[in-house]
Amino acid sequence: FEPHVFRRQTGAAVAVRRGGQGAEWFNVEKAVTVDLSGALLATSWGLPQLMGFNWRVTGRPDVRSMVLAFQRSVHDQVAGFFGFVQSSGLAQAILDRNWRAFALRYNGPGQVDHYAGKLTEALVSARRLLSWE
């Protein structure tokens, strides 16, 4: 749950807790009591941690439908990620292994080097596991 996104979406503020998954669910539940749609828009969902405000790229009619689809199946979560990649023009960054460009668009400007490094490490690990090296 991202309180700054919630504030931007709704104009309302909620006090949040930090400290893991339980705290995040507490935050979402608290925000839902203020504005259901705003809470869904301001939360990352599923394996790809796709922010609710990106619901349009999933082909769903609204954010609530996206959240419900993500709860129903991993397939919908992966499809949502690919929808985001396609709509954001990130396919070329992946093909070029330009993890800085990918991280900037996917995670925002805050920790580009950190996330680019994690993607590089993940690719190295995947290659080792698949005996690509």
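Going by the structure above, here's the rest.
Residues numbered from 1 in each chain as written. Predicted model: local features only at pLDDT ≥ 70, side-chain atom pairs only at ≥ 80, totals over all residues. Heavy atoms only, no water.

Looking at the environment of E24
Here comes step 1: The topology assignment puts E24 in helix α2 (residues 21–34).
Here comes step 2: Sequence separation between E24 and E2 is 22 residues; the distance between their C-alpha atoms is 9.2 Å.
Here comes step 3: The contacts of E24, once residues within four sequence positions are left out, are F1, R17 and R18.
Here comes step 4: Within the structure, E24 has its side chain in polar contact with the side chain of R18 (distance 2.6 Å). (Helix = DSSP H or I, 4+ residues; strand = E, 2+ residues; numbered from the N terminus. Contact = heavy atoms within 4.5 Å. Polar contact = N/O pair within 3.5 Å; in protein donor to acceptor, adjacent residues only side chain to side chain.)

Things to note about α2
Here comes step 1: With 14 residues, α2 should cover 20 Å at 1.5 Å per step; its first-to-last C-alpha distance of 20 Å lies within 8% of that length.
Here comes step 2: Where α2 is concerned, the buried positions are A23, N27, V28 and A31. When α2 is viewed along its axis, its buried side chains cluster within an angular range of 140 degrees and face the same direction. Relative to its buried face, α2 has exposed residues pointing more than 90 degrees away, namely Q21, G22, E29 and T33.
Here comes step 3: For α2, the elements touching its buried residues are α1 (3–10), α3 (36–41) and β1 (44–45). (Expected span 1.5 Å × (residues − 1). Buried < 20%, exposed > 50% of the residue type's maximum accessible area, 1.4 Å probe, protein only. Arc of directions from axis to C-beta.)

Topic: the packing of aromatic side chains
The geometry of two aromatic rings is summed up by the distance between their centres and the angle between their planes.
Here comes step 1: Here the structure, examined in full by the defined rule, presents seven aromatic pairs.
Here comes step 2: Ring centres of F81 and F82 lie 5.6 Å apart, and the angle between their planes is 65 degrees; on these two criteria the pair is classed as edge-to-face.
Here comes step 3: On the basis of relative accessible area, F81 is assigned to the partly exposed category, the value being 23%.
Here comes step 4: Overall, the relative accessible area of 52% leaves F82 in the exposed class. (Phe/Tyr/Trp six-rings, centres within 6.5 Å; stacked < 30°, edge-to-face > 60°.)

Here we look at the pattern of salt bridges
When the charged atoms of two side chains with opposite charge come close together, those side chains can pair.
Here comes step 1: All told, the structure shown has three salt bridges when counted by the stated rule.
Here comes step 2: Across the pair E24 and R18 runs a salt bridge, and its minimum N-O distance is 2.6 Å.
Here comes step 3: Between R60 and D76 there is a salt bridge, and its shortest N-O distance comes to 2.8 Å. Taken together, the residues span a long stretch of sequence, with R60 in the loop between β2 (50–51) and α4 (63–72) and D76 in helix α5 (residues 74–87) at a distance of 16 residues. (Salt bridge = Lys/Arg side-chain N within 4 Å of Asp/Glu carboxyl O.)

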